[in-house]
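Notes for the structure review
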Amino acid sequence: MNEISKNSSPFYSVLKRELIRMTSRRLYLGVCVILPLFTVFFMVTIFGTGQMENIPIGIVDLDQTATSRNISRTVATVPTFKVTEYYSDMESARKATQQKIIYGYLVIPHNFESDVMAGRQSTLAYYYHYALLSVGTEIYGAFESLLQTLALGPIVTEAVALGVGEEQITTFLVPVNTQSHPLYNSSLDYSIYLTNPFFFVLFQVLILLTTVYVVGSEIKFRTADKWLEAANLNMFTAIVGKLLPYTIIYCIIGIFANYIIFGVMDIPFSSGFLPLNLATILFIIATQAFGVFLFSLFPAIGIIMSVVSMVASLGATLSGVTFPVPFMYPAVYYASFLFPVRHFVEINQNLLYGNYGFAYTWQNVSILFLFPLVTLLMLPHLKNAILSHKYEDID
Amino acid sequence: MKILIKMKSSLKDIVELIIQEFKTIASSYSILLVLIGGIFIYGLLYNYMYQPNVIRNAPVVVVDKSNSKLSREYTRLIDAAPQVEVYGTAVDFIAAKELMKKNKVAGIIYIPKDFDTRVNRGEESIFITYAVTQAFLYYSSIQEASAGAMLELDDRYRPNMVVFLPAKDVLQIAAATPISVSGTPLYNYTEGYGTYLIPAVIMIIIFQTLMMVISMISGKERESGSIRHFAEQGTTLKRVSRIIISKTFVYCILYSIFGLFLAGLIPIIFQLPNIGNSYEIIMLFIPYLLATCFFGLAGSVFFTDSEAPILMIAFFSVGLVFLSGISYPLELMPWYWQATHFIIPAAPGTLAFVKVNSMGASMADIQTEYITLWIQCAVYFILACLAYQYNIKKAIK
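**As for the overall build of chain B**
Assigned secondary structure in chain B consists of 15 helices and five strands. Taking 397 residues into account, the globule formula puts the C-alpha radius of gyration at 21 Å, and chain B, at 30 Å, lies well above it. Overall, chain B is about 105 × 45 × 40 Å in size when its C-alpha atoms are taken along their principal axes. Per-residue burial for chain B yields a buried fraction of 59% across its 397 residues. Sequence-distant contacts in chain B: of pairs separated by 6 or more residues, those separated by 24 or more amount to 81%.

**Some words on the sheet that holds strand β2 (residues 84-88) of chain B**
In spatial order, the strands read β5(A)-β4(B)-β3(B)-β1(B)-β2(B); together these five strands make up an open sheet with mixed pairing. On the outer flanks of this sheet lie β5 (176-182) of chain A together with β2 of chain B, each paired with one strand and no other. Averaged over all adjacent pairs, the angle separating strand axes in this sheet is 30°, with direction ignored. For strand β1 (residues 58-64) of chain B and β2 of chain B, the ladder comprises four bridges, and the chain directions are parallel.

**Some details on the sheet that holds strand β3 (residues 104-108) of chain A**
Spatially, the five strands line up as an open sheet ordered β2(A)-β1(A)-β3(A)-β4(A)-β5(B), and their pairing is mixed. Whereas interior strands pair on both sides, the edge strands pair on one side only; in this sheet they are β2 (81-87) of chain A together with β5 (180-186) of chain B. Strand-to-strand twist across the sheet, computed as the mean angle between neighbouring axes with direction ignored, equals 20°. Sheet topology places β3 of chain A next to strand β4 (residues 123-129) of chain A; four bridges connect them, and they run antiparallel. Bridging across to β4 of chain A, Tyr105 of chain A finds its partner in Tyr127 of chain A. With respect to the sheet, helix α5 (residues 90-98) of chain A is in contact with β1 (55-61), β2, β3 and β4 of chain A together with β5 of chain B, its orientation differing from that of β3 of chain A by roughly 170°.

**Some thoughts on the environment of Thr67 of chain A**
All names here are of chain A. Along the chain, the position of Thr67 falls in helix α4 (residues 66-76). Measuring from C-alpha to C-alpha, the distance between Thr67 and Ile108 comes to 9.8 Å, with 41 residues separating the pair along the chain. Setting aside anything within four residues of it in sequence, one finds Thr67 in contact with Phe112, Glu113 and Met117.

**Here we look at the side chain of Thr195 of chain A**
Residue and element names in this part refer to chain A. Examined against the element boundaries, Thr195 turns out to sit in helix α10 (residues 190-220). Among the residues examined, Thr195 registers a relative accessible area of 0% and is labelled buried. Separated by 3.2 Å, the side chain of Thr195 and the backbone oxygen of Met43 make a polar contact. In this view, Thr195 contacts Met43, Val44, Phe47, Tyr190, Ile261, Met265 and Ile267; residues no more than four positions away in its chain are not counted.

**Brief notes about the domain arrangement of chain A**
For chain A, the assigned domains are domain 1 (2-47 + 188-388) and domain 2 (55-173). Summarising the inter-unit geometry, the C-alpha centres of domain 1 of chain A and domain 2 of chain A are found 50 Å apart.

**Brief notes about the interface of chain B and chain A**
The interface is formed by 123 residues belonging to chain B together with 123 residues belonging to chain A. When chain B packs against chain A, the two sides together hide about 10900 Å² of surface, and 67% of this comes from carbon and sulfur. Asp305 of chain B is the salt-bridge partner of Lys220 of chain A, the closest N and O atoms lying 4.0 Å from each other. At the boundary of chain B with chain A, the tally comes to 31 residue pairs in polar contact (both at pLDDT 80 or more).

**Concerning the packing of aromatic side chains**
All names here are of chain A. The full count for this structure, using the stated rule, is 59 aromatic pairs over all chains. Their ring planes at 80° and their centres at 5.9 Å tell us that Phe200 and Phe283 sit as a pair that is edge-to-face. You can see Phe200 sitting in helix α10 and its partner Phe283 sitting in helix α13 (residues 273-297), a full 83 residues away along the chain. The residues Phe200 and Phe283 share a single accessibility class, namely buried.

Conventions we followed
Residues numbered from 1 in each chain as written. Chains lettered and ligands numbered in written order. Predicted model: local features only at pLDDT ≥ 70, side-chain atom pairs only at ≥ 80, totals over all residues. Heavy atoms only, no water. Helix = DSSP H or I, 4+ residues; strand = E, 2+ residues; numbered from the N terminus. Rg over C-alpha atoms; globule rule 2.2 N^0.38 Å. Buried < 20%, exposed > 50% of the residue type's maximum accessible area, 1.4 Å probe, protein only. Contact = heavy atoms within 4.5 Å. Pairing = 2+ DSSP bridges. Axes fitted to C-alpha atoms, helices over the stretch in contact; angles between N-to-C directions. Polar contact = N/O pair within 3.5 Å; in protein donor to acceptor, adjacent residues only side chain to side chain. Domains from an automatic or database assignment. Buried area = accessible area lost by both parts, 1.4 Å probe. Salt bridge = Lys/Arg side-chain N within 4 Å of Asp/Glu carboxyl O. Phe/Tyr/Trp six-rings, centres within 6.5 Å; stacked < 30°, edge-to-face > 60°.

What follows is the structure, given as structure tokens:
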């Protein structure tokens, strides 16, 4: 070690020292390369085709007439559904939903056909699983659009029989109609919606923890003095030299992930690859800085690892991908700005949805730049903490 | 007599091992932090974050090109819907889009110029909804609100449309009754996001923190070499199995308390769905905790120091929610992820808990998950014994 520091610049000796450390333990290969690549694979494959299609549902046909069978056939043509079960009573359908054999069911009541023919009030009731909210929403949507048309069936039949044109009667029934355009993700595909943000949510957990570990392990294994010595007691050199190899590996993986997600999987994006990759690199550096910042607060590795693992998991919620953050309590909403992943998701959405331009993301970009700057302020404290040796035995 | 003495000595051994394990946990700040922070703080914090539960008043902007009585009526109906709130009536589409880019609104409702005149001519009139899909909940809220307002408006205007029908047929057509449609969401009485997600998260928290505690303890044993003490009485599988049983006993005692807090108290405090039978929840927790302990102890072959395991464990939580089949149907995943569902205790455990707790399922309804958990217990118990035997032998070499 001493030889290196004598003959070369402090930065180079820290860097070289770190490369030796990295390659000496298989752990680093695991957490820097294998786990991130596994995460790419997981997020890319977990949603299957991404479309919620062929969801198993059931039909309870209590009527058993031509009309009810006709409705059953119509239901079976909806791509969202796959009618896997037919029941003769509501109880067994409900039981099957409870067992998760089906995710919803339609009930055609007794005397349905005769009621419709006679112009009596009749009801088609459907039930959908809402303990599993996302599937439930899909089934709700599919049933609504299908049954609203079916519901007007008797009137249309009546009118057409009287010689009124079908179009005319539809206008009578639905004078005002709606067209919906989900922006960006027009097919409401789950992989378009979740793969990209959730990969980075998981990635930030790994980056945060690994950063804390590589810095903290110096204190833990009592090698921090040698580390600072190699850096000629310059904390900035020590940190940058140490983390740079990881930054490079993460950037390669981040860019690779972008390529797989947007290039291979064909998830739509409005910008070019360059802005996406630049945002990814900025996000990685900000996240590493955030990790160093958290560690510097109380540099006892055992404790701070536990804390960071919880903080990082919060990133999944606060990135705003699942439940929109602005609708959480104000305290939670403002806390979300403290997480690099939140800003990254906002920048990425801007780039993906329409590439609206820097004017709409400069705040997020600036905050990502702030993370390294604020962390710089913590470095003197970290240096003192290391030299004092008082955090070594806390676990 | 001989058997009795033998039993006595192995019981004594187990008791000593248990005391030792308790001491290890009580003397480590980081383990206590995972337990207290992970269980209590995280359990409460998560609930606090998801308390708003549903989206109310998502901002939308209306581009009213028609500027008629009908379009204003429609705007009022949209505004009255609980899911959305009209942020403003921007004059043109460009201004509306600008608001969307600035994240001020989550959707645009465009009412074309001929909205009113078409209805008056007896033609179908169309308005267009554009909604962001940043979060699916935005899209579904706006969708629900605009469809609701449409139905309401249609009901109001249908009588006016009668004039466009042939006079002789009106009575007969009007006499035909439409079929009414009623949809009922099952098992989530608030229809909220928190009430859907948190029961699953509770089980994941239990799994994750327990895994972290086990890995930190077993990693530390290997790092400090204290694992060698286990070798004093031999490394036969019988003796190793006593170590595994003692450790599992300690973790299960602790987690019966934490489990009571997370699965018993939290749902009451935060009014989450908890229609499950307590007896069945307890019966589920027994194999769940055992399988998780054995799974963690079997994983100890990979844990070489007390912090490194956290690197490998922490990031799985989100993946485990997916693998449980709560957020995305298992049926639609590729076969290898469906298979993984049966390998990691958290996945069937979470699914079974949601079934019992939120859906009121009985023991028979969770049969698949329940049997899976017990099989996991058996397999991972053997693997845990082998793993510990291997670790001890490696350490004394």
